Amino acid sequence: MARNKIALIGAGQIGGTLAHLAGLKELGDIVLFDIAEGTPQGKALDLVESSPVDGFDAKLAGTNTYEEIEGADVVIVTAGVPRKPGMSRDDLLEINLKVMEQVGAGIKKYAPNAFVICITNPLDAMVWALQKFSGLPANKVVGMAGVLDSARFRYFLAEEFNVSVEDVTAFVMGGHGDTMVPMVRYSTVAGIPLPDLVKMGWCTAERLEEIVQRTRDGGAEVVGLLKTGSAFYAPAASAIQMAESYLKDKKRLLPCAAHLEGQYGIKDMYVGVPCVIGADGIERVVEIELNNDEKTMFDNSVNSVEGLVDACKKIQPALA
Ligand code: APR
């Protein structure tokens, strides 16, 4: 059986890390695309030269032309600009929307059967625009945010409770911004829900709220430390988990920015919700029950995504 082909649009910090992880996991042959000349070629060569040491077989190529992504099974998009300290993800909207237009056209022409994972921020609006620009079916275009936000939440909880990260399950819903909703009731340590752990004295409700807030600010915390860009290791690992679920038909249930067609009362928007990813892309959107508080926070988050989508429609009327 021929190897899968993975195209990475954007060969910056996240793109390079994606290529490395995809190689190490032998997910397929990898093409790195970027508008910067030399960057994708240099990263591809450097990475493939690590393959004898790490013992993986994959072809790695760098390119500045879309032709070379032809026939890709998976496309992961990080093209665009990242945040600098003091910027919100929303500040990137105008410039990254133009990038999505170009990327969408490239995917439409050369990889119309791919499963497309968007990482570019502001995520929920960019993945919405990318789906429109590419014309691919909505179940094949998804945004990566929830796996990352949940991983941050899981890590902070594991650190607080001094337990393995493997035993902490957590998920975060809503938009990938300050209004995201870490779902305390649905997060557990080995099946024990967080509210029960508070009752058992593992931490106070106030401390849990601090962890929830740190999760919401997780991206900004890294930006503040790095100063020259935004997080890249954890975002890349998160997108690779989604790609692997698609390529291996694992049917993982992961929080993703998915196109909603009435679920949660939302139409034609991408928002973070639990999804099953398998060989058909987003195979199922899972509608969990929200209590009043959760619903209020989720609606608030959806409203902020709606504001970004409206801003996209104003900038590019073809999207309206
Ligand atoms: N087409 C292709 N690549 C582009 C384009 C374009 N039109 N415009 C910019 N790029 C490339 C840049 O040349 C750069 O190599 O996208 C790459 C982005 O890489 P970084 O600046 O290192 O950013 P990164 O940290 O990888 O983040 C990328 O993901 O998490 C989000 O907010 C983040 O939107 C940002 C994106």
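Overview of the structure. On a predicted model such as this, the values are computed, not experimentally measured, just so you know.

About the thresholds
- Residues numbered from 1 in each chain as written.
- Predicted model: local features only at pLDDT ≥ 70, side-chain atom pairs only at ≥ 80, totals over all residues.
- Heavy atoms only, no water.
- Salt bridge = Lys/Arg side-chain N within 4 Å of Asp/Glu carboxyl O.
- Helix = DSSP H or I, 4+ residues; strand = E, 2+ residues; numbered from the N terminus.
- Buried < 20%, exposed > 50% of the residue type's maximum accessible area, 1.4 Å probe, protein only.
- Pairing = 2+ DSSP bridges.

1. Details of the pattern of salt bridges
Step number 1: Applying the stated criterion to the full structure yields 14 salt bridges.
Step number 2: The salt bridge partner of Arg207 is Glu160, with a shortest N-O separation of 2.8 Å. Placement of the pair is Arg207 in helix α8 (residues 205-216) and Glu160 in helix α6 (residues 146-161), with a sequence separation of 47 residues.
Step number 3: Among the residues examined, Arg207 registers a relative accessible area of 32% and is labelled partly exposed.
Step number 4: For Glu160, a relative accessible area of 26% corresponds to the partly exposed category.
Step number 5: Across the pair Lys251 and Asp249 runs a salt bridge whose closest N-O atoms are separated by 2.9 Å.
Step number 6: Among the residues examined, Lys251 registers a relative accessible area of 42% and is labelled partly exposed.
Step number 7: Note on Asp249: relative accessible area 34%, which makes it partly exposed.

2. Here we look at unusual backbone geometry
Step number 1: The residue after Asn121, namely Pro122, is reached through a cis peptide bond having omega -5 degrees.
Step number 2: Tracing the sequence through the fold places Pro122 in the loop between β5 (115-118) and α5 (123-134).
Step number 3: Of note, Glu26 is a non-glycine position whose phi angle comes to about 50 degrees, a positive value.
Step number 4: Phi is positive for Ala190, which is not a glycine, with a value near 45 degrees.
Step number 5: The residue Ala190 is located in the loop between β10 (188-189) and β11 (192-193) in this model.

3. Focus on the sheet that holds strand β7 (residues 168-169)
Step number 1: Pairing within the open sheet is antiparallel, and its three strands lie in the order β7-β10-β11. Each edge of the open sheet is held by one strand with a lone partner, namely β7 and β11.
Step number 2: Pairing geometry for β7 and β10, over two bridges, is antiparallel. When the sheet's bridge partners are listed, Thr169 is paired in β10 with Thr188.

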